[in-house]
Amino acid sequence: MKKILKISAIVIAALLVILIVTPFLFKGKITDSVKKELNSSLNAKVDFGKLTISMFRGFPDLYVSLDDLSVEGIGDFKGDTLVSFKSFSAKVDIMSVIRGESINVKSVILDHPNIFAKVLKNGKVNWDIVKPDSVKKKEAKPSPPMKFHVKLQKVKIIDGNLTYSDDTLNVLANLKDLNFQLKGDMTQDFTSLDLKTDVKAVNVSYGGIHYIKDLVFRFMASIDADMKKSEYTLKDNEIDINDLVMSLIGSVKMPGDDMNIDLKFNTKQADFKSVLSLVPAVYMNDFKSVKTEGKFKIGAWVKGTYNSKKKSMPSAGLALVVNNAMFKYPSLPKSANNINVDLKVLYDGVIPDKTTVDLNKFHVEMAGNPVDMAMHVATPISDPQIKGNVKGHLDLQSIADVIPLEKTKIKGIIDANLDMAGRMSSITKKRYEEFKALGNLSLRNFTYTSESLPQGALISKAVMVFSSQFVNLTAFDAKVGKSDFHLNGKIENFIQYIFKNEVLKGKFAFSSNLIDVNEFMSGNKKASTSESATSSSTAEQTPMTVLEVPKNVDFRLSTNIKKVVYDKLDVSNIKGTILVNDSKATMENVKMNLLQGAMSMSGSYSTKEVKKPLVDFVLGISDFDIPSTFEAFNTVKKLAPIAKNCKGKVSMNLTFASALDQHMNPVYSTTEGKGVLKSKSVEVGNTATFNKIADALKNDKLRRFALNNLNLSFEIKNGRVYIKPFDTKIGANNINISGDQGIDQTMNYVMKMTLPMSELGGAANHLLGNLTAAAASKGLNIKSVNKININLHVGGTTSKPEVKLMMGGGTSESGKEMVKDQAKQLINAKKQELMGKASAEAEKLIKNAEAQAEQIRNAAQKVADQIKKQAEDKASLLEKQASGQPKFLQTTTKKAADKIRAEGDKKANQTVTEANTKADAIIQKAKDEAAKLK
């Protein structure tokens with residue numbers, strides 16, 4: 001028995017040691033393995049800090065914690081963090097782990113989690129990060145069914161932040177400081193759960209407009225949960241939305257893919273103050289001191305089946321009634337009175353076309369200014385039927401007498417009298433007489449200033465006249481800071497745009513005397529001036545962000561702007577046409593004056609992909625001032641930093657296309673373009689590159705010079721500028737330049753120069769003098785050479801250039817080697833000159849010999865012809881004398897005549913042969929003498 005106890009004690013002690021030591025021994029390997037596995041199976045970058053596995057921190061349970069986890073997106077979501085948290089911890093019943101059939105998780109706590117869910121316009125989501133390959137591998141090798149399941153007792157979230165951004169819906173929602181706790185014995189088939197949720201700020205914007213701002217939300221509930229059937233029934237609960245307290249009753253059942261919902265919302269109190277808290281401007285300013293009167297009633301319900309695969313939705317309804325309400329801040333002189341609202345909304349999830357909106361009444365008197373509205377909408381899907389009216393006179397300054405606006409100041413008069421009734425089909429079929437849309441909306445002497453717009457906005461006059469066909473903007477005169485805006489034109493399709501989200505069309509004439517863009521970009525409270533725009537205050541400005549072009553508008557804008565101040569750039573006399581359509585702004589022959597010159601521009605700016613805006617332009621530039629251009633454009637600073645030390649004016653034709661980053665800067669790896677740059681004269685001075693060339697050639701004239709009659713063609717590709725070979729002059733000296741330069745400031749140029757010997761430095765001339773003497777000792781005279789050709793390779797970077805003499809396939813950096821090489825070139829040139837002279841003499845000698853030989857051949861041919869003629873005459877005479885004689889005598893005479901002819905031919909041929917032999921001998925002798933000359 002003692003031995004058994006002793007052995008048992010040893011085993012238990014050993015197990016304890018293992019439990020204590022194992023987490024420390026293998027923690028590093030576990031951490032590395034988990035990171036490796038996660039990163040290999042996810043389309044994301046996963047990292048985390050400290051991993052803790054302990055038996056003591058959660059004794060008697062196993063405690064596991066993970067600190068500083070982050071899941072960062074890649075590709076389209078590069079730079080976006082999908083999930084991060086300060087720490088994740090869990091307590092697990094160790095015995096349930098050992099048994100293995102059912103793991104009992106007693107608690108899961110997430111501390112400061114941050115979740116960012118993103119949907120791009122193409123529908124791609126950032127949480128779809130599991131690699132398809134890893135899924136296939138798991139499917140290819142199915143594991144046997146798991147014999148255990150996880151039981152959870154408590155989940156807690158501490159100070160979480162959740163953001164949802166959906167570009168397909170143009171929605172942005174954020175929950176800030178979310179605290180959540182769910183407790184209950186979830187190991188049972190049927191249990192009661194306690195749920196607590198607290199969100200300090202809920203923000204929701206749609207289309208760039210904030211509809212919910214800093215809303216406070218709380219939800220506490222007891223829930224009966226049937227885990228087997230996935231049925232959840234709400235018992236005691238309370239929902240707080242700002243100061244509005246509501247209760248929620250009903251159930252949610254989730255059999256399979258269906259979610260059957262049956263919920264009702266009711267108010268627990270009927271004071272008008274509660275519903276007033278839903279108005280952000282009221283709730284955020286000393287809400288507790290607000291005096292209110294009146295009653296309200298609100299009720300809402302959701303009932304039906306939600307199934308994303310079947311695209312089925314539950315129905316929902318909302319009813320809001322406010323009777324004879326008012327509110328007043330004690331610190332303000334006026335109140336809002338006679339507030340009456342009767343709103344009913346019914347959404348039919350089964351047949352959406354049965355959805356109705358009935359705003360039967362909306363009346364408020366804001367500091368004595370009455371506003372009335374009514375609106376009825378039916379059959380919104382098939383053929384929206386609309387009936388509504390707006391009527392009111394509102395002095396906006398009275399709003400500040402009713403609601404505290406803190407640092408916001410607003411003034412102006414709004415008059416509205418609108419009435420509409422009819423079906424959308426009447427407008428679609430252009431039966432405008434069937435659709436009533438009459439009235440006007442005017443705004444006079446409107447002023448607005450706030451922290452976000454410290455320079456202030458003024459709309460002196462804006463008048464819109466409504467009809468069923470269009471909205472006529474008869475006047476719009478506004479001023480923001482020093483910038484003024486004047487607009488008139490017509491808007492078409494506005495009813496279809498409002499109710500069916502169709503394309504809004506318009507034609508406008510826009511003019512302005514001054515637009516100071518810096519006022520809108522600056523982070524300073526003080527409005528910028530033209531002078532400050534040209535100062536170094538750029539660092540104080542907030543970075544530009546992508547300006548999204550609306551998708552469902554089709555506008556044509558005729559523009560006439562006298563002056564625009566943008567960053568360090570002054571632009572004047574802007575005229576042309578701008579088209580806005582399908583997320584693209586197109587410029588048609590827009591002309592302007594800037595940088596002491598002029599520019600014409602045609603092209604487009606597209607934000608079809610908001611994260612990757614595109615520009616595609618054709619530019620015609622005339623007489624731009626180089627120093628001003630360098631200071632105005634970062635692109636010039638990056639692609640042509642040499643321009644910093646240049647003076648003169650340039651003209652250019654350029655085609656340019658590029659993607660832009662989120663700060664509207666070109667993504668240089670995507671840039672493409674080509675063009676021609678011209679200038680009568682460009683002064684270059686004190687550049688690192690030409691100073692280096694001057695040092696190498698010992699020629700100070702290359703430090704400051706002028707490039708005359710510049711005419712170069714170039715191409716932009718993948719962040720580099722490729723310059724085609726072009727000729728110019730430095731003073732009276734010719735130079736040919738070609739090569740390329742990158743956004744990373746690296747250079748790769750070849751410069752071919754012709755320089756007088758007199759312009760080489762003293763050391764170079766001394767060495768050349770010695771080489772000249774050495775050449776003379778070998779019978780070569782190179783003193784008569786006045787100019788030399790120099791080929792240079794310019795590499796390195798613009799700040800640290802490297803200049804090398806090109807020698808065949810290689811280069812040399814040494815100035816001495818450069819001079820030696822040039823001297824060798826001179827000697828070789830002199831040799832070539834002498835060889836040329838010898839070749840000329842030899843050719844002359846051969847030519848004379850050939851002429852003499854030709855004379856001999858011609859003379860011999862004449863003698864041979866004469867010999868043949870004499871023989872022919874003698875033979876012919878003999879045959880003539882034998883004519884009339886007996887036949888045998890004629891035959892004998894014929895043979896004698898033929899013999900005379902043959903002897904004549906033989907003698908003639910011999911004369912020609914002897915002459916050819918003599919002529920060939922003369923030519924060969926000349927060739928032998930010519931070979932000696934070479």
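Caption draft 1: How the structure looks around the overall build of the protein. Across its full length, the protein carries 16 helices and 41 strands. The buried share of the protein, taken over its 934 residues, is 38%. Summed over its atoms, the accessible surface of the protein is roughly 53,200 Å², and 57% of this surface lies on carbon and sulfur atoms.

Caption draft 2: Spatial organisation of the confidence of the model for the protein. Taken over all residues, the pLDDT of the protein has a mean of 80, while the share at 70 or more is 81%. A low-confidence stretch, residues 522–542 stays under pLDDT 50, and its non-local contacts, those more than four residues away or across chains, total 31 contacts. Across residues 807–816, confidence stays below pLDDT 50; counting only partners more than four residues off in sequence or on other chains, it has 14 contacts.

Caption draft 3: How the structure looks around the nonpolar core. Judged by nonpolar contacts, the single largest core of 139 residues is most densely connected at Phe 327, Ile 339, Ile 693, Phe 714 and Leu 792. Among the elements that make up this core, the one with the highest residue count is strand 35 (residues 704–717) (6 residues). Within the second largest apolar cluster, 11 residues are counted, among which are Ala 44, Val 46, Leu 66 and Phe 85.

Caption draft 4: Structural view of the packing of aromatic side chains. Applying the stated criterion to the full structure yields 5 aromatic pairs. Their ring planes at 40° and their centres at 6.2 Å tell us that Phe 85 and Phe 88 sit as a pair that is tilted. Relative to Phe 510, the ring of Phe 485 has its centre 6.1 Å away and its plane inclined at 35°; by these criteria the two rings are tilted. With a gap of 25 residues between them, Phe 485 in strand 25 (residues 483–492) and Phe 510 in strand 26 (residues 504–512) connect regions that are remote in the sequence. Phe 485 sits in the buried class, given a relative accessible area of 18%. Overall, Phe 510 belongs to the buried group, its relative accessible area being 14%. The ring of Phe 470 has Lys 490 lying over it, and the distance from NZ or CZ to the ring centre is 4.3 Å.

Caption draft 5: Region of the structure containing the side chain of Arg 720. Looking at where Arg 720 falls in the secondary structure, it is placed in strand 36 (residues 720–730). Separated by 2.8 Å, the side chains of Arg 720 and Asp 740 make a polar contact. Reaching out from Arg 720, the side chain makes a polar contact with the side chain of Thr 746 at a distance of 2.9 Å. Once residues lying within four places of it in the same chain are set aside, the contact partners of Arg 720 are Glu 715, Asp 740, Gln 741, Gly 742, Asp 744 and Thr 746.

Caption draft 6: Molecular detail of the pattern of salt bridges. Enumeration over the complete set of coordinates arrives at 20 salt bridges. A salt bridge links Lys 344 to Asp 342; the shortest N-O distance between them is 3.2 Å. With a relative accessible area of 21%, Asp 342 lands in the partly exposed category. Here Asp 415 ties to Arg 444 by a salt bridge, and the two come within 3.1 Å at their closest N and O atoms. With Asp 415 in strand 21 (residues 409–423) and Arg 444 in strand 22 (residues 436–449), the pair connects residues that are 29 residues apart, well separated along the chain. A cluster of three or more residues bridged by salt bridges with shared partners is formed by Asp 76, Lys 124 and Lys 612.

Caption draft 7: How the structure looks around the pairing of strand 24 (residues 470–480). As defined by bridge partners, strand 23 (residues 457–466) adjoins strand 24 across 9 bridges and the pair is classed as antiparallel. When the sheet's bridge partners are listed, Lys 461 is paired in strand 24 with Asp 477. Linkage of strand 23 to strand 24, two consecutive antiparallel strands, is achieved through a turn of 3 residues. Pairing of strand 24 with strand 25 involves 8 bridges; the strand directions are antiparallel. The partner of Val 480 across the bridge, within strand 25, is Ser 483. Connecting strand 24 to the next strand, strand 25, in antiparallel fashion are 2 residues, including Gly 481 with a positive phi near 60°.

Caption draft 8: How the structure looks around helix 13 (residues 688–697). Taking burial as the measure, the 10 residues of helix 13 include 7 buried ones, the bulk of the element. Within helix 13 the residues assigned to the buried category are Thr 689, Phe 690, Asn 691, Ile 693, Ala 694, Ala 696 and Leu 697. Two residues or fewer after helix 13 comes Lys 698, characterised by a positive phi angle close to 55°.

Caption draft 9: View of the side chain of Asn 126. Looking at where Asn 126 falls in the secondary structure, it is placed in the loop between strand 6 (114–119) and helix 3 (132–140). Take Asn 126: its relative accessible area is 5%, and that puts it in the buried class. From its side chain, Asn 126 meets the backbone oxygen of Phe 116 in a polar contact 2.8 Å long. Within the local environment of Asn 126, its side chain forms a polar contact with the backbone nitrogen of Lys 118, the two atoms lying 2.9 Å apart. If we ignore the near neighbours within four places in the chain, the residues touching Asn 126 are Phe 77, Leu 82, Phe 116, Ala 117 and Lys 118.

Caption draft 10: The arrangement of the environment of Leu 619 in detail. Residue placement: Leu 619 occurs in strand 32 (residues 614–625). Each C-alpha atom, one on Leu 619 and one on Phe 656, is 7.9 Å from the other, the two residues being 37 residues apart in sequence. If sequence neighbours within four positions are ignored, Leu 619 has contacts with Met 599, Ser 600, Met 601, Met 652, Asn 653 and Leu 654.

Caption draft 11: How the structure looks around a nonpolar patch on the surface. Together, Tyr 206, Tyr 211 and Ile 212 make up a nonpolar patch on the protein surface, roughly 320 Å² of accessible area in all. Turning to its location among the elements, Tyr 206 is positioned in strand 10 (residues 190–206). For Tyr 206, a relative accessible area of 47% gives the class partly exposed.

Caption draft 12: Region of the structure containing the environment of Glu 548. With respect to the element layout, Glu 548 can be found in the loop between helix 10 (530–533) and strand 28 (553–566). Taking the C-alpha atoms as reference points, Glu 548 and Ala 585, 37 residues apart in sequence, are found 9.8 Å from one another. Look past the residues within four positions of Glu 548 in its chain and what remains in contact with it is Lys 121, Thr 607 and Val 610.

Caption draft 13: Structural detail: the pairing of strand 32. Pairing of strand 31 (residues 597–606) with strand 32, which is carried by 9 bridges, proceeds in the antiparallel orientation. Residue pairing across strands places Ser 606 opposite Leu 614, the latter belonging to strand 32. In terms of strand pairing, strand 32 meets strand 33 (residues 646–659) through 10 bridges, oriented antiparallel. Bridging from a neighbouring strand, Asp 625 pairs with Lys 649 of strand 33.

Conventions used here
- Residues numbered from 1 in each chain as written.
- Predicted model: local features only at pLDDT ≥ 70, side-chain atom pairs only at ≥ 80, totals over all residues.
- Heavy atoms only, no water.
- Helix = DSSP H or I, 4+ residues; strand = E, 2+ residues; numbered from the N terminus.
- Buried < 20%, exposed > 50% of the residue type's maximum accessible area, 1.4 Å probe, protein only.
- Areas by Shrake-Rupley, 256 points an atom, 1.4 Å probe, with all protein chains shown as cover.
- pLDDT = per-residue confidence, 0-100.
- Contact = heavy atoms within 4.5 Å.
- Core = buried A, V, L, I, M, F, W, Y, C linked by side-chain atoms within 4.5 Å.
- Phe/Tyr/Trp six-rings, centres within 6.5 Å; stacked < 30°, edge-to-face > 60°.
- Lys NZ or Arg CZ within 6 Å of the ring centre and 35° of its normal.
- Polar contact = N/O pair within 3.5 Å; in protein donor to acceptor, adjacent residues only side chain to side chain.
- Salt bridge = Lys/Arg side-chain N within 4 Å of Asp/Glu carboxyl O.
- Pairing = 2+ DSSP bridges.
- Patch = residues over 30% accessible without salt bridge, like charges linked within 9 Å, V, L, I, M, F, W, Y side chains within 5 Å.

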